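# Descriptive analysis of the structure
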Amino acid sequence: MQDVDRVASARRCLAQASEHHRRGERALARALCEQALQFQPQSFEALHLLGVLFAETGDFRGAVQCLDRAIAADPAQAVAWNNRGNLHRQLQHWEAARTDYDRAIALQPGYAQAWNNRGALRDMQGGREAALADFERAAALQPQYLDAHWHRGLILEALGRHEAALAAFGRVTTLSPRHAEGHFHRAVCLQRLEQIGR
């Protein structure tokens, strides 16, 4: 089989794999990814999707191995560094996670999810001010990003900055009116502001 035919065959398999993944048919998607890799062993798209599929079934180590190969195939893809960072965070490989998030941000400074994920990591490690800066950056880059506003509000509340936290939780409930925890924390902030005379 000629190289052009192999690439075309890999792309067909990958298109089908993506469709099955969208439908939640992970076993079929995985088989098609593996078939795509028989035609094109260094396919970033197939390796990345296979890593996502491993992660979705809880095989984080297998997912990391796939993303290692995906990054080796195309190290300029910020999404792979970010996703591998998420896996390292799940596995409690803190330094590896931080390195991957840093790389994702360096490659794509406007990648709000990578800023948010690094903020979550920093918060887990007790670096609240650094985490807050990352969440604020994520929210500035993507103003509709609910998760960034939510985490920003939690940190501001923990730091005793109730007025700023109130604004953050207000943004959460504006974006998601049924966000029960957002309403609860907003009420807590209002109560604390009343207690200290605002």
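All right, on to the confidence of the model for the protein then. Residue-level pLDDT values for the protein average 94, and 97% of them are 70 or greater. Per-element confidence in the protein ranges from a low mean pLDDT of 85 for helix α1 (residues 3-22) to a high of 98 for helix α6 (residues 94-107).

So, about the packing of aromatic side chains. Inspection of the entire model under this criterion finds one aromatic pair. Residue placement shows Arg 137 over the ring face of Trp 115; its charged tip is 5.7 Å from the ring centre.

One recurring pattern in soluble globular proteins: nonpolar side chains tend to sit buried together. Judged by nonpolar contacts, the single largest core of 37 residues is most densely connected at Cys 33, Leu 49, Leu 50, Ala 104 and Ala 138. Residue assignment for this core shows that the elements contributing at least two residues are α1, α2 (26-39), α3 (44-56), α4 (60-73), α5 (78-90), α6, α7 (112-124) and α8 (128-141). Per-element accounting of this core gives the leading share, seven residues, to α3. One finds Phe 135, Phe 169, Cys 189 and Leu 193 within the second-largest nonpolar core, a separate group that totals 14 residues.

Take α7 next. Between the first and last C-alpha of α7 there are 19 Å, a value that for 13 residues agrees with the 18 Å anticipated at 1.5 Å per step. With ten of 13 residues buried, α7 is to be regarded as a mostly interior element. Listed as buried for α7 are Ala 112, Ala 114, Trp 115, Asn 116, Asn 117, Arg 118, Gly 119, Ala 120, Leu 121 and Arg 122. Gly 126 sits one or two residues past α7 and shows a positive phi near 90 degrees.

This part is about the packing of α6 against α7. Here α6 crosses α7 at 155 degrees, and the two axes come no closer than 9 Å. One finds that α6 runs roughly antiparallel with respect to α7. Helix-helix and strand crossings are classified by hand; for α6 and α7 the assignment is left-handed. The segment α6 lies against α7, with Trp 94, Ala 97, Arg 98, Tyr 101, Asp 102, Ala 104 and Ile 105 engaging Ala 114, Trp 115, Asn 117, Arg 118, Leu 121, Arg 122 and Met 124. The residue makeup of the contact of α6 with α7, split by class, is nine nonpolar, one polar and four charged.

The subject of this paragraph is unusual backbone geometry. Residue Gln 92 is not a glycine yet carries a positive backbone phi of 65 degrees. The topology assignment puts Gln 92 in the loop between α5 and α6.

Now for the packing of helix α9 (residues 146-158) against helix α11 (residues 180-195). Between α9 and α11, whose axes approach to 11 Å, the crossing angle comes to 30 degrees. What the angle tells us is that α9 and α11 run roughly parallel. Crossing angle aside, the handedness with which α9 passes α11 is left-handed. From α9, Trp 150, Leu 154 and Glu 157 reach across to α11, where they touch Glu 181, Gly 182, His 185, Val 188, Cys 189 and Arg 192.

A few words now on the side chain of His 48. Mapped onto the elements of the fold, His 48 is located in helix α3. What His 48 contacts, discounting residues up to four positions off in sequence, is Leu 67, Ala 70, Val 79, Ala 80 and Asn 83.

Next up on the list: the pattern of salt bridges. As enumerated under the stated definition, the model contains 13 salt bridges in all. With its nearest N and O atoms 2.7 Å apart, the salt bridge here joins Arg 84 to Asp 68. Taken together, the residues span a long stretch of sequence, with Arg 84 in helix α5 and Asp 68 in helix α4 at a distance of 16 residues. For Arg 84, a relative accessible area of 13% translates into the label buried. On the accessibility criterion, Asp 68 (35% relative accessible area) is partly exposed. In this structure, Asp 100 engages Arg 84 in a salt bridge whose closest nitrogen and oxygen atoms are separated by 2.8 Å. Residue Asp 100 is found in helix α6, and its partner Arg 84 is found in helix α5; the two are separated by 16 residues along the sequence. Taking the relative accessible area as the measure of exposure, Asp 100 reaches 2% and is therefore buried. Residues joined by salt bridges that share partners form a network here, namely Arg 98, Asp 102, Arg 118, Arg 122 and Asp 134.

Rules used throughout
- Residues numbered from 1 in each chain as written.
- Predicted model: local features only at pLDDT ≥ 70, side-chain atom pairs only at ≥ 80, totals over all residues.
- Heavy atoms only, no water.
- pLDDT = per-residue confidence, 0-100.
- Helix = DSSP H or I, 4+ residues; strand = E, 2+ residues; numbered from the N terminus.
- Phe/Tyr/Trp six-rings, centres within 6.5 Å; stacked < 30°, edge-to-face > 60°.
- Lys NZ or Arg CZ within 6 Å of the ring centre and 35° of its normal.
- Core = buried A, V, L, I, M, F, W, Y, C linked by side-chain atoms within 4.5 Å.
- Buried < 20%, exposed > 50% of the residue type's maximum accessible area, 1.4 Å probe, protein only.
- Expected span 1.5 Å × (residues − 1).
- Axes fitted to C-alpha atoms, helices over the stretch in contact; angles between N-to-C directions.
- Parallel < 35°, antiparallel > 145°, perpendicular 65-115°, else oblique.
- Left-handed = near helix turned anticlockwise from the far one by under 90°.
- Contact = heavy atoms within 4.5 Å.
- Nonpolar A, V, L, I, M, F, W, Y, C, P; charged D, E, K, R; others polar.
- Salt bridge = Lys/Arg side-chain N within 4 Å of Asp/Glu carboxyl O.

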